[in-house]
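Understanding the architecture of this molecule
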Amino acid sequence: MRSGEDEQTGTSGLTFVKWLFQRIGWGPVDNYQHDLGVDLFVQVRDDRRFDRTTLVAVQVKAGNSYFKSPQKDAADNTVGWWYAESKVDHFDDWVRHPLPHFLVLVTDDQDTTYWVHLTADKIQKTGKGCKVLVPANQHIDRASFDALMAAASSAKATRELQGLIYSAGANSVGPARSLRHSLIAPRLIAPQRGDYSRTLEPEEAIALIMLGRYQDLTFYSRQRHDGEASKTPHPNKQLIAASPSSADWRWQFFHALREFATKRDTEPILHLATRTIGGRPKPEGTYRRAAAVAVAAVGLIDTERWQDAVDLLENASSEDLNPVDYGWILTLRALILFEQNQGDDARRAAVKALRALGGDHDDVTARAIGRAAATLLITVPRRSLGKNATEDDAFEQDRADGRKHREMLDTAVSWWQGLEIADALDKYDTITHASWGKITDLGGEISASSQNQLAGAWLSAMLAGDRARARWPLLIQAQHELQHQEVCWRDARAEEFGNSGSHPAAGGGRESSRSQDAAREVAESLDRLRRYGLQKELDVAVARLWRTGPTEPLMVNLRRAIDQPWRNTTARSKIVLMTRAGDLLDFAGAAEAVGQCLDALSDPEEFHRQITPTFSARHFLGDAVRRMLVAADTATHARVLEMALSNIPLLNAESAGEEHLLDLVRQIKPDVLGVRCEDVHRAVNATTGRRLALLLLGKLAESGDQLAQTELERRVEQGDYDAAGIIGTIAAFSPVAARKLVDHDQTACRSMLEEARRGSYGGGGIDHARNLAAMGLAFPDLADWDTVLEVVLDPQVAVVDKLGTVMLLANTTAVPEHIKTRLRIHLVEHQVIPARPVFGPPLDELTAACYRLALSVGATDATRALAQVLNWLRGSALKRRVATQIVTALAGMAVDPVVQGALMMLTGDPQVEVRRAAAIALARGTPARSSIPVEQALLAAGREAGCAVPLALAQTLSAIPQGWEGRDDLKATLTGHRSAQIRHAAVRDSPTI
């Protein structure tokens, strides 16, 4: 008997397909006895030969007869072949079967195979049956391995997630998965509240930590008081006795995790991870190694011990880890590589992680880890792929549109974490409402359970490698901790002040342990914002603490930031600290910090090798240097000048760079420019930046360079308005120069009035009306008070165009009497100066300035002014801030005992702007012989722990009478302040307010 040709072709084709599956590591099994459309069942294994607990069914069609219906593209290239059957039920069975079905076509010569995953969306009805297109680019080989894996795992059953919390427990998932689930998806493991007499499994106790449910752990551990307590052992004696020496490794792990979660102590988990790696548990225990290493790595990342974390992960990522654990370790490694700006390696690690995780759609922790890897691939800039692209590069390129990565961002674990965060926020909303009702400080109370929930959500996200997701709960936790600890610090300092009878010195007076503990917690919260790149929130916090205190945490965080190299996540946060608090650095710290910024500015390519900035490095780094220069020594100023001079020739090609150089040069000490006066003069002649040339001349003139002074005066006499601004001192202008400047301001004011009456506004800029008034005060013969008053009193003129003029008139006693009379008559009749609040400062600021002017010209008295201050102090924080302008105006009446007493009380106001204004007014109006309480109030203001009030006093020192007995003590306090900005202002002893 002779067999048919079709049988021979089919059998050999089936053998060939089996061989191809075996070659990629999969396990084919024949289905001879029950072949009803399935020739093979194939066990799926990943590229490390791990079985993925998945089967696929394969139907093989061999022979050239199956290649008679090609599909062509527009260029007449074959893109596939149509396979058709009249039996619709056959196709229906393939699609509905719980196992994925592959249709494989084999050529007669058996040198090529083509396959398609049979799904409903690929099958087309023909009217005579159905057909499916088998692509020409899908072969059973390594090049198509990822596509084969994705198709094979597509039908893997996913777990029903609704209602799972009611069946949560250590046995709700497989034993090798429960530890990982307790860390990343603790909701599925942690027991429900209620029965605290049952025995907890270690995984359940771990899950309780991850959910921040420490009170439940206490309930499980509490002593029993029933009659059986002495007869039977405690059901949770292992929980109570958990330690590094526990017999069960899982309780050792629980102890180490608890130490890290509650005390930020990384040593126990590091010791356990190192010991677990060294012991190399048997394959069935590798999940322990992965869990210990993951927690230890997060601890190292959190403390910025990046290289230690890399070494630990490299020791752990051996080939014997199961696929999900392998992907877990790879994802954490990708996170670290990104922070080290090794973008290519970070992407490759993330791609490998996704490939390892791809076959476990039923594992919610695999999806959570996959989310972190996908986030990295979306975040890290993609490079172009060249001819040497690897297999991993091709995998990445296939996902270039990011669609598949974005689909991975929505996971069950992220939803559960969101629920925990929402619950914590709900508790805080309740506390905030209660604080509002009790009229207490926002942040005065804190919810320990909410903070624990947020800490657990942070740690869970970090353990999944999802640092981006971890930032959310960390931010909320840090913000609440900052507000609470700042309130605690203020209370402790107030007690210290009350107990000692004098305010602790800003430079480091005796502090209680309470205030020191609160300051340490503030520093830690600030540092967490920095470490996780939350620069916007950090900027808000640093700005407040610089103004109000405590400033010690700012100094601590500055030092930590400077000690760390530039990194992708923390670069902007580092710059924020330098910019906002750089004046708190000592000479050595300022030199180091400025040097780091100058290195980055001088060598942008090297800076880009360290990080991939998403901000304007030149702008932000230059701003940081400018703000830190006040604390720097002469050598550092000289280095900045050298960089500025070397960049001046580049302005010919890039004029936009002038703004950055202007900001830097303004802060350089004039003496430093004077030392290099010849080089600076050459730069003035070489630069195309006119404003920069003027600024350089001004700095040289300030250093005593007569040539520069003469050149500036010459330019002013030629009508150079900007040169007049550089000279600054109006009295130094010649009559000719003054006439030209007055003419310029008159013309500008007339033009501005005409535009305002047409409803057109220019948007601020140079305040010509103020300048015209200032010139009138300095050169009475050139004064044009009619134009000045026309601008001030015209209701069509915008607030921004008259506020400066009103402030100038209110702050000087040199206004001619006939002008005072005109202003007094208007203010008595109308009480306010009308204006259009088009843009710029709010109308309230002009209203407050009007009160100051009314006091100055005698249109009101101290009694009315104090009454208005009291009215506004009852308003919102914004209204109280506006009231400070009237408070400052009371300086001229500070000799009045009522006014003096009011100002003294306001130096202790809760709002720093009010304290600042009261201190300025009290200092300016203090008579040579003042009372001891006034002296104590000013000294206490000068010793505030924040910088805003002491800086205001330092800038007001020259207004304090030389004969005042407390003046020298106040100046000594200010010149010894930790802020270089305050020290310099006090040394200059000249008003700048």
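Below, the structure is looked at part by part. These figures come from a predicted structure and were not determined experimentally.

Cut-offs applied
Residues numbered from 1 in each chain as written. Predicted model: local features only at pLDDT ≥ 70, side-chain atom pairs only at ≥ 80, totals over all residues. Heavy atoms only, no water. Helix = DSSP H or I, 4+ residues; strand = E, 2+ residues; numbered from the N terminus. Buried < 20%, exposed > 50% of the residue type's maximum accessible area, 1.4 Å probe, protein only. Contact = heavy atoms within 4.5 Å. Pairing = 2+ DSSP bridges. Axes fitted to C-alpha atoms, helices over the stretch in contact; angles between N-to-C directions. Parallel < 35°, antiparallel > 145°, perpendicular 65-115°, else oblique. Left-handed = near helix turned anticlockwise from the far one by under 90°. Nonpolar A, V, L, I, M, F, W, Y, C, P; charged D, E, K, R; others polar. Polar contact = N/O pair within 3.5 Å; in protein donor to acceptor, adjacent residues only side chain to side chain. Phe/Tyr/Trp six-rings, centres within 6.5 Å; stacked < 30°, edge-to-face > 60°. Lys NZ or Arg CZ within 6 Å of the ring centre and 35° of its normal. Arc of directions from axis to C-beta. Salt bridge = Lys/Arg side-chain N within 4 Å of Asp/Glu carboxyl O.

1. A short note on the overall build of the protein
- Scanning the protein from terminus to terminus reveals 47 helices and 9 strands.
- Expressed as a percentage of its 993 residues, the buried residues of the protein come to 53%.
- For the protein, the share of sequence-separated contacts (at least 6 apart) that also reach a separation of at least 24 residues comes to 66%.

2. Observations regarding the pairing of strand E6 (residues 101–106)
- For E6, a buried count of 6 out of 6 residues is recorded, marking the element as mostly surrounded by other parts of the structure.
- Burial along E6 is two-sided: His101, Leu103 and Leu105 facing one way and Phe102, Val104 and Val106 facing the other are all buried.
- Here 6 bridges tie strand E3 (residues 51–62) to E6, and the two strands are oriented parallel to one another. Pairing of Lys61 across the sheet is with Leu105, part of E6.
- Sheet analysis places E6 next to strand E7 (residues 113–117), joined by 5 bridges and oriented antiparallel. Following the sheet pairing, Leu103 is matched in E7 by Val116.

3. Describing the packing of helix H43 (residues 912–925) against helix H44 (residues 932–942)
- Where H43 meets H44, the closest approach of the two axes is 10 Å, and the angle between their N-to-C directions is 135°. The orientation of H43 relative to H44 falls into the category oblique. The handedness of the crossing between H43 and H44 is left-handed. Across the interface between the two elements, Ala919, Leu922 and Ala923 of H43 pack against Val934, Ala937, Leu938 and Ala941 of H44.
- In terms of residue class, the contact of H43 with H44 is built from 7 nonpolar, no polar and no charged.

4. As for the side chain of Arg915
- Mapped onto the elements of the fold, Arg915 is located in helix H43.
- In this structure Arg915 comes out as buried when scored by relative accessible area, which is 11%.
- One polar contact links Arg915 to Glu944, side chain to side chain, over a distance of 2.7 Å.
- Beyond its immediate chain neighbours, meaning those up to four positions away, Arg915 contacts Leu906, Thr907, Gly908, Asp909, Pro910, Glu944 and Val949.

5. Quick look at helix H47 (residues 980–988)
- The set of residues buried in H47 consists of Ala980, Ile982, Ala985 and Ala986.
- Taken together, the buried residues of H47 touch helix H45 (948–954) and helix H46 (967–975).

6. Considerations on the environment of Gly80
- With respect to the helices, strands and loops of the structure, Gly80 is situated in strand E5 (residues 78–85).
- Gly80 sits 55 residues away from Pro135 along the chain, and the two C-alpha atoms are 4.2 Å apart.
- Excluding anything up to four places from it in sequence, Gly80 contacts Ser69, Pro70, Gln71, Leu133, Val134, Pro135 and Ala136.

7. Considering the packing of helix H20 (residues 513–531) against helix H21 (residues 535–548)
- Following both chains from N to C, one finds H20 and H21 inclined at 150°, their axes separated by 9 Å at the closest point. Helix-helix and strand crossings are classified by hand; for H20 and H21 the assignment is left-handed. Taking contact as the criterion, the partners of Val522, Leu526, Leu529 and Arg530 in H20 are, on H21, Glu537, Leu538, Ala541, Val542 and Leu545.
- Per-class residue counts for the contact of H20 with H21 are 7 nonpolar, no polar and 2 charged.

8. Remarks on the environment of Ala917
- Inspection of the secondary structure puts Ala917 in helix H43.
- Exposure remark for Ala917: the relative accessible area of 2% places this residue in the buried category.
- Along the chain, Ala917 and Leu953 lie 36 residues apart, while their C-alpha atoms are 9.7 Å from each other.
- Sequence-distant contacts of Ala917, defined by excluding residues within four places in its chain, comprise Thr884, Val887 and Thr888.

9. A closer look at the sheet that holds strand E4 (residues 70–72)
- The strand order E4-E5-E9-E8 describes an open sheet built from 4 strands, whose pairing is antiparallel. What marks the edges here is a single partner per strand, and that holds for E4 and strand E8 (123–125). Strand-to-strand twist in this sheet, taken as the mean axis angle between neighbours without regard to direction, amounts to 35°.
- The pairing of E5 with strand E9 (residues 130–135) spans 6 bridges and is antiparallel. Within E9, the residue paired with Glu85 across the bridge is Cys130.
- Helix-sheet contacts for helix H2 (residues 88–96) involve E5, E8 and E9, and the interaxial angle to E5 is about 115°.

10. Some details on the packing of aromatic side chains
- This model, assessed by the stated rule, comprises 19 aromatic pairs.
- For the pair Trp26 and Phe145, a centre-to-centre distance of 6.3 Å together with 70° between the ring planes defines the contact as edge-to-face. Residue Trp26 is found in the loop between helix H1 (5–23) and strand E1 (27–30), and its partner Phe145 is found in helix H3 (residues 145–153); the two are separated by 119 residues along the sequence. Like Trp26, the residue Phe145 is buried in the burial classification.
- An aromatic cluster of three or more residues is present, and its members are Tyr66, Tyr83, Phe91 and Trp94.
- Over the face of the ring belonging to Phe145 we find Arg142, whose NZ or CZ atom lies 4.5 Å from the ring centre.
- The ring of Trp566 is capped by Lys574, whose NZ or CZ atom sits 4.3 Å from the centre of that ring.

11. Points about the pairing of E3
- Burial analysis of E3 places 9 of its 12 residues in the buried class, which makes it a mostly covered element.
- Note that strand E2 (residues 40–45) and E3 share 5 bridges and pair antiparallel. Paired with Arg45 across the bridge in E3 is Asp51.

12. Observations regarding helix H11 (residues 306–316)
- Those residues of H11 that sit buried are Trp306, Ala309, Val310, Leu312, Leu313 and Ala316. The buried residues of H11 occupy an angular sector of 165° when the element is viewed end-on, so they sit on one face.

13. Some thoughts on the pattern of salt bridges
- Per the stated rule, a full pass over the model turns up 60 salt bridges.
- Arg355 serves as the salt-bridge partner of Asp146, at 2.7 Å between the closest nitrogen and oxygen. With Asp146 in helix H3 and Arg355 in helix H13 (residues 343–357), this pair connects stretches of sequence that are 209 residues apart.
- Among the ionic contacts, a cluster of salt bridges with common partners joins Arg264, Asp302, Glu304, Glu524, Asp527, Arg528, Arg530, Arg531 and Arg560.

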